[in-house]
Amino acid sequence: LSLNIGAKQNVQTRELQLWLPQVNFSVNTFYPFRKKKKTGAMKWYDNINISYNLNAQNYINTYDSLILTPKIFDMMQNGISHSIPIKSSVKILKFINWTNSINLNERWYFQSVNQQWFNGSDTSYVKKDTVRRFQMAHEMSYSSAISTKIYGIYQFKKGALQAIRHVLTPSVSFVYHPDFGSKLWGYYKYAQIDSAGNTMRYSIFQNGIYGSPPDGLSGKISINLNNNLEMKVRSKKDTITGSKKIVLIDYLNIGTGYDFAKDSLRWDYLSLNMRTRLFNRIDVSFNGAWDPYVIDTNGYRLNQFEINVNHRLFRRQNTAWMLGLSYNLSDANFQKKDKKTGEKKNVFLNKWNVSLNLNFSYSSRFDYKNIKYIPDTILTAMISGEFYITPKWRVGFTTGYDFKAKDFSYTSLNIYRDLHCWEMVMEWVPYGFRKSYNFTIRIKSSILKDLKITRKSDWRDNF
């Protein structure tokens, strides 16, 4: 249980924010059906666990001149949120993991919103009234997931390649929550918004500090197939096992989904995401999406399958390849042995490090107007570094170049000085869209972090 009060004030605008109070209460996860002195194998109900969390706060956003006036009570936003997650996990046939969870959430509010159209002789408008009474907003959801792992290994008897291992991780998950926007709950209403009689849907808890229950029914199944591919090769450097492992594909996931709650277009895109790292230097990633439905000339999806119209399973929506090369260099890379002691020592007296990053991306998206794919290529180089001039003086920099725009990218220079209990920080962006500087002297202690002197020119000031 924790109880906090807080205040934040802008002394120039006189704006004041108050938290009076904030309450957090939680109960550790417990297993209601598990005996303290359990003997024998666990039953399925022994893994059912429950926890409880409560959050409550009273928040005020006002000005200091109004803090002692009766209007302060009209500015209060308060509420209490309860959360009870119930979870369970069991194994089916020893190899299949099945997890289930029920989330019960409840919000307690002391005010709600009521909107109605006011049609006067001189003016007409939407009148918003604050109804001050205690109301509860219930919410519940259910989720279930099944997953397992399938291992495939092929071993080679000759050659440098010893074995290849393929790990498949298929999973199916289901998420459901009722339609809390139905009239049964009364959380959402319609209000007239103009003299023509048009209406707008709104939540009576739209000003609630913990939000509103979700509007609309949801019942979605997600299907994913994750892949990992590795190989083992002989290595003379490894004197213990005589081999080393090389990751060919770190992550390759194929997924889609089906929403039972929709009346049309129930299938999601078929997505493919992949990432891996080559030679401990090059990061390679790919992501793409394929649509099972056809689109019209305006790019809107129609409730017709590609297989029935264009005799293909999917239409490629977009794809993107990304390659990143990173190389780090520091004073630790330059060492020599001492002839007398045999110990390795750094060649440079002061610490420094430099990082070089080269990024390349190639993407392709479908242009529905011209019925063709439009490619896009981006190549950027980024270099950053940090140098310790003395133990208390540090200089850092970041810069780069965009080969497509033919211009330098974000560039900054940072200077740091350790002043014992204090510290000085200088940040400078010399040119570009974010041209600015920031000079600060502050106390190191986190308790007194707001005690500082700042001089700056912010790039946002131009707007």
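Residues numbered from 1 in each chain as written. Predicted model: local features only at pLDDT ≥ 70, side-chain atom pairs only at ≥ 80, totals over all residues. Heavy atoms only, no water.

**Q** Where do I start with the overall build of the chain in this structure?
**A** A count of helical and extended segments in the chain gives one helix and 29 strands. Against the compact-globule benchmark of 23 Å for 463 residues, the chain has a radius of gyration of 31 Å, which places it well outside the compact range. Taking all 463 residues of the chain together, 23% fall into the buried category. Long-range pairs, those at least 24 residues apart, make up 49% of the contacts in the chain between residues at least 6 apart in sequence. Surface accessibility of the chain: about 31,800 Å² in total, with carbon and sulfur atoms responsible for 58%. Within the chain, the 35 negative side-chain charges are centred at a point lying 10 Å from the centre of the 64 positive side-chain charges. (Helix = DSSP H or I, 4+ residues; strand = E, 2+ residues; numbered from the N terminus. Rg over C-alpha atoms; globule rule 2.2 N^0.38 Å. Buried < 20%, exposed > 50% of the residue type's maximum accessible area, 1.4 Å probe, protein only. Contact = heavy atoms within 4.5 Å. Areas by Shrake-Rupley, 256 points an atom, 1.4 Å probe, with all protein chains shown as cover. Lys, Arg positive; Asp, Glu negative; His and termini not counted. Charge placed at Lys NZ, Arg CZ, Asp CG, Glu CD.)

**Q** What is the right way to look at the pattern of salt bridges in this model?
**A** When the charged atoms of two side chains lie near each other, side chains of opposite charge can form a pair. Taken as a whole, this structure holds 17 salt bridges when the rule is applied. Between E423 and R442 there is a salt bridge, with its nearest N and O atoms 2.9 Å apart. Here the residue E423 occupies a position in strand 27 (residues 422-429), and R442 occupies one in strand 28 (residues 436-443), the gap between them amounting to 19 residues. Several salt bridges share partner residues, and in doing so they unite D291, R301, E306, R312 and R315 into one network. (Salt bridge = Lys/Arg side-chain N within 4 Å of Asp/Glu carboxyl O.)

**Q** Even after reading the chapter, I still don't get the pairing of strand 11 (residues 188-192), so can you show me in this structure?
**A** One face of the sheet, then the other: side chains in a regular strand alternate in exactly this way. Taken together, the five bridges between strand 11 and strand 12 (residues 199-203) define a ladder with antiparallel strand orientation. Each residue of the ladder has a partner; that of K189, found in strand 12, is Y202. (Pairing = 2+ DSSP bridges.)

**Q** How should the environment of R394 be read in this particular structure?
**A** Structurally, R394 can be placed in strand 24 (residues 393-402). Taking the C-alpha atoms as reference, R394 lies 9.5 Å from K351; in sequence the two are 43 residues apart. At a separation of 3.1 Å, a polar atom in the side chain of R394 contacts the side chain of E386. (Polar contact = N/O pair within 3.5 Å; in protein donor to acceptor, adjacent residues only side chain to side chain.)

**Q** Could you clarify how one ought to interpret the packing of aromatic side chains in this entry?
**A** The geometry of two aromatic rings is summed up by the distance between their centres and the angle between their planes. Applying the stated criterion to the full structure yields 23 aromatic pairs. Seen from their ring centres, W44 and Y45 are 5.6 Å apart, and the 80° between their planes marks the pair as edge-to-face. Looking at W44, the relative accessible area reads 58%, which means it is exposed. Judged by centre distance (5.4 Å) and plane angle (80°), the ring pair of Y401 and F408 falls under edge-to-face. Each residue in the set Y109, F180, W185, Y187 and F205 is aromatic and connected to the rest through ring pairs, giving one cluster. Above the ring of Y31, the side-chain terminus of R34 is found at 4.0 Å from the ring centroid. The positively charged end of R316 is found above the aromatic ring belonging to Y373, 3.8 Å away from the centroid. (Phe/Tyr/Trp six-rings, centres within 6.5 Å; stacked < 30°, edge-to-face > 60°. Lys NZ or Arg CZ within 6 Å of the ring centre and 35° of its normal.)

**Q** How do you make sense of a nonpolar patch on the surface when you look at a structure like this?
**A** Residues V172, I223, W267, F305, I307, L313 and F314 make up a contiguous nonpolar surface patch of roughly 590 Å² in combined accessible area. Relative to the elements of secondary structure, F305 occurs in strand 18 (residues 301-305). In this structure F305 comes out as partly exposed when scored by relative accessible area, which is 33%. (Patch = residues over 30% accessible without salt bridge, like charges linked within 9 Å, V, L, I, M, F, W, Y side chains within 5 Å.)

**Q** Would you mind showing me how to read the nonpolar core here?
**A** If you look at the biggest cluster of nonpolar residues, it comprises nine residues: Y109, A137, F180, Y187, Y188, A191, Y202, I204 and F205. Residues within four places of F205 in sequence aside, it is in contact with Y109, S112, Q135, M136, A137, Y187, G211, S212 and P213. (Core = buried A, V, L, I, M, F, W, Y, C linked by side-chain atoms within 4.5 Å.)

**Q** Mind showing me how you'd approach unusual backbone geometry here?
**A** Most of the time, phi is negative for any residue but glycine, and the peptide bond is trans. In this structure, the amide linkage connecting L20 to the following residue, P21, adopts the cis form with an omega of -5°. Summarising the element assignment, P21 is placed in strand 2 (residues 15-30). Of note in the backbone geometry, N280 takes a positive phi value of approximately 55° without being a glycine. Position of N280 among the secondary structure elements: in the loop between strand 15 (270-278) and strand 16 (282-291). With a relative accessible area of 58%, N280 lands in the exposed category. With a phi close to 55°, K406 is a non-glycine residue in the positive phi region.

**Q** Before we go on, may I ask you to explain the side chain of T62 in this structure?
**A** Within the element layout of this structure, T62 appears in strand 3 (residues 49-63). Every residue in contact with T62, bar those within four places of it in the chain, is listed here: R14, E15, L16, I67, I72 and M75.

**Q** Where do I start with the pairing of strand 7 (residues 124-131) in this structure?
**A** Note that strand 6 (residues 112-119) and strand 7 share eight bridges and pair antiparallel. Its bridge partner being in strand 7, F118 is matched across the sheet by Y125. As consecutive antiparallel partners, strand 6 and strand 7 are separated by four residues.

**Q** Mind showing me how you'd approach the side chain of S326 here?
**A** Looking at where S326 falls in the secondary structure, it is placed in strand 19 (residues 315-330). Relative accessible area serves as the criterion here: at 16%, S326 is assigned to the buried category. In contact with S326, other than residues within four places in its own chain, are R277, R281, L356 and N357.

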